[in-house]
Amino acid sequence: ESPTESPTESPTESPTASPTESPTASPTESPSPTASPTESPTVDNSSDIPVRIATLKTKSIQKRNKWFPKLQLILKDTNKAKISGVTITLAWMDMDEVARNGTVTKTTNNKGQAVLKLPKFKTSGSKAVNNVEVSVVEIDGGNGYEYDAELNEKDSDQCPVFSNNCPVKVISLD
C-alpha cells in the first residue's frame, strides 16, 4: 500500500515498507512514588564548612551606678577565613536576685566580627546585678557553613567556649 496524503481514521494492519524519516521518542522511566510522603526533606550538610568562634572577648564598662557588659566575637571557618553575614543569637540571664533575662542578636561584619551589647545593670541597691550568664541560642552561618562549638576558642580551663562541656560564659562586674 502507498502512503496517503492525509492521516487515516484507523491505522493499517501492516507496517509501512520504508522507515520513517525521524525516530519516535522512546518513553523515559520515572521512579515510582512511595506509599507515604516524606516527613521533611533530607538536607545534606556534609559539604558545609565548619564555622567557629575564633576570638571571644568580654568587657564590662562601669559608669556611676550602672555597668554595661558586652561580648566581642570573631567567627572564622576552618581555613582561618573571617566569615561575614553570620547571625549570632545569645541568651543572657542575671545570676543575682533580680532574675532578668533575654536575648541579643547581631550579624558579623566583613571582618567576621560582632559586638553584642547586653542591657545596663545596676551596681548597687535591691536591683543590683554583679554577674551575667551568657549562652549561645543559635549561630547561623547560612548556606555553606555549619557552626561547630567544639572548635571554638578555649577558655582558661582549655574548654571550648559555648561547647557541650562549657555551655555558658559568665561576665562579672569588674
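Residues numbered from 1 in each chain as written. Predicted model: local features only at pLDDT ≥ 70, side-chain atom pairs only at ≥ 80, totals over all residues. Heavy atoms only, no water.

A. Seen up close, the side chain of Asp 155. Tracing the backbone through its elements, the reader meets Asp 155 in the loop between β8 (145–147) and β9 (168–172). Buried within the structure, Asp 155 lacks any salt-bridge partner; Lys 169 is the closest side chain of opposite charge, at an N-O distance of 5.7 Å. Apart from residues lying up to four places away in sequence, Asp 155 is in contact with Val 161 and Cys 166. (Helix = DSSP H or I, 4+ residues; strand = E, 2+ residues; numbered from the N terminus. Buried < 20%, exposed > 50% of the residue type's maximum accessible area, 1.4 Å probe, protein only. Lys, Arg positive; Asp, Glu negative; His and termini not counted. Salt bridge = Lys/Arg side-chain N within 4 Å of Asp/Glu carboxyl O. Contact = heavy atoms within 4.5 Å.)

B. Here's a closer look at the sheet that holds strand β4 (residues 101–107). Overall, antiparallel pairing links the four strands, which are arranged β4-β3-β7-β9 in an open sheet. Edge positions in the open sheet fall to β4 and β9, since each of these has one partner strand only. In this sheet, adjacent strand axes meet at a mean angle of 30° when their direction is disregarded. Looking at chain direction, strand β3 (residues 87–94) and β4 are connected through seven bridges and run antiparallel. Within β4, the position partnered with Trp 92 by the bridge is Gly 102. (Pairing = 2+ DSSP bridges. Axes fitted to C-alpha atoms, helices over the stretch in contact; angles between N-to-C directions.)

C. Quick look at the packing of aromatic side chains. The full count for this structure, using the stated rule, is two aromatic pairs. Here the aromatic rings of Trp 67 and Phe 121 are separated by 5.7 Å at their centres, their planes lie at 40°, and the arrangement is tilted. With a gap of 54 residues between them, Trp 67 in strand β2 (residues 66–77) and Phe 121 in strand β6 (residues 121–122) connect regions that are remote in the sequence. You'll find Trp 67 and Phe 121 in the same group, each marked buried. (Phe/Tyr/Trp six-rings, centres within 6.5 Å; stacked < 30°, edge-to-face > 60°.)

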